[in-house]
Amino acid sequence: ELPVGDFPLEIAFDSSGNYAIVTNAFANTYSVLYVNGASSSVIGTYSGSQYPLRLAYNQVLDQTGIGYFTTKSVVQVNPRTGAVIGTDSYSSYGSLIQVIFDEFGEPIVLTSAVGSIPGHLHRSPDVIPLSATPGYFDYCPIVQKAVVVMPGPDYATVIDWSSQFVKDVSTISLRPERIRIQTMPNPSA
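Report follows, based on the coordinates.

Thresholds, definitions, all that
Residues numbered from 1 in each chain as written. Predicted model: local features only at pLDDT ≥ 70, side-chain atom pairs only at ≥ 80, totals over all residues. Heavy atoms only, no water. Helix = DSSP H or I, 4+ residues; strand = E, 2+ residues; numbered from the N terminus. Buried < 20%, exposed > 50% of the residue type's maximum accessible area, 1.4 Å probe, protein only. Contact = heavy atoms within 4.5 Å. Areas by Shrake-Rupley, 256 points an atom, 1.4 Å probe, with all protein chains shown as cover. Lys, Arg positive; Asp, Glu negative; His and termini not counted. Charge placed at Lys NZ, Arg CZ, Asp CG, Glu CD. Core = buried A, V, L, I, M, F, W, Y, C linked by side-chain atoms within 4.5 Å. Pairing = 2+ DSSP bridges. Axes fitted to C-alpha atoms, helices over the stretch in contact; angles between N-to-C directions. Salt bridge = Lys/Arg side-chain N within 4 Å of Asp/Glu carboxyl O.

This paragraph deals with the overall build of the chain. Scanning the chain from terminus to terminus reveals zero helices and 16 strands. Principal-axis analysis of the C-alpha atoms places the extent of the chain at approximately 60 × 50 × 35 Å. Out of the 189 residues in the chain, the part that is buried amounts to 39%. In the chain, of all internal contacts separated by at least 6 residues, the share reaching a separation of at least 24 is 28%. Carbon and sulfur atoms make up 54% of the accessible area of the chain, which totals about 10,300 Å². In the chain, 9 positive and 15 negative side-chain charges are present, and the distance between their average locations comes to 9 Å.

Within the largest apolar cluster, 15 residues are counted, with the highest numbers of intra-cluster contacts made by Leu 110, Leu 121, Phe 137, Tyr 139, Val 148 and Trp 161. Of all the secondary structure elements, the ones that give two or more residues to this core are strand S9 (96-101), strand S10 (107-111), strand S13 (136-140) and strand S14 (145-150). The biggest single contributor to this core is S14, with three residues. Ignoring anything within four residues of it in the chain, the contact list for Val 148 reads Leu 110, Leu 121, Leu 130, Pro 134, Tyr 136, Phe 137, Tyr 155, Ala 156, Thr 157 and Ile 159.

Another point: the sheet that holds S9. With antiparallel pairing, four strands are arranged side by side in an open sheet as S9-S10-S11-S12. Strands at the two margins of the open sheet, each flanked by one partner only, are S9 and strand S12 (126-129). On average, each strand axis in the sheet is inclined to that of its neighbour by 15°, with strand direction left out of account. Here strand S11 (residues 120-123) pairs with S12 via four bridges, running antiparallel. Bridge assignment links His 122 to a residue of S12, and that residue is Val 127.

Attention shifts here to the pattern of salt bridges. Enumeration according to the criterion identifies seven salt bridges in this entry. Residue Asp 126 pairs with Lys 167 through a salt bridge whose shortest N-O separation is 3.7 Å. Of the two residues, Asp 126 sits in strand S12 while Lys 167 sits in the loop between strand S15 (155-160) and strand S16 (168-173), which places them 41 residues apart along the sequence. Assessed through its relative accessible area of 18%, Asp 126 is described here as buried. In the salt-bridge network here, residues are joined through shared partners; they are Asp 14, Asp 62 and Arg 80.

Spatial strand order, S13-S14-S15-S16: four strands in an open sheet with antiparallel pairing. A single partner strand is all that each edge strand has here, and the edge strands are S13 and S16. Averaged over all neighbouring strand pairs, the angle between strand axes comes to 15°, with direction disregarded. Two elements, S15 and S16, share six bridges in a ladder whose sense is antiparallel. If you follow Tyr 155 over to S16, its bridge partner there is Ser 173.

The structure is reproduced here in structure tokens:
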């Protein structure tokens, strides 16, 4: 057991697997851990902005991005020392829900509602409005696609960046009565 701050929420390892950062949501801090069995230790716990929610390791830049829910920002820190490297602000949008880094080391960020738009997915220079309140997303760098799930109406929005000049955005229903599954004949029957 390692003592970190109040309400540790999420953890992300660096590329070596020897260091990890934990967000302490209620303490408004993050802790850097050295992870090595019985020799594990807390390198330090550092004050940050209000309500650090999610984080992700950026393999390209060897940084960890910490997403702050209330201040609507992603703070990049050194994954072994906790030193702040830089900050990206999303203050014109809703609260920051999640951050992932793409194959170029650029952040892809999910934000909640602002005005009449239930949420946005951000990948510079694109800001994609969503049709319902987002819950989570994932990104696959091999095919350059992101999928955002929206649990209220049971939708998923797929964003395809694989074309050099045009991005494709489509929203599909995940409700069983709207999903058409065709059965194929069984060749062994």
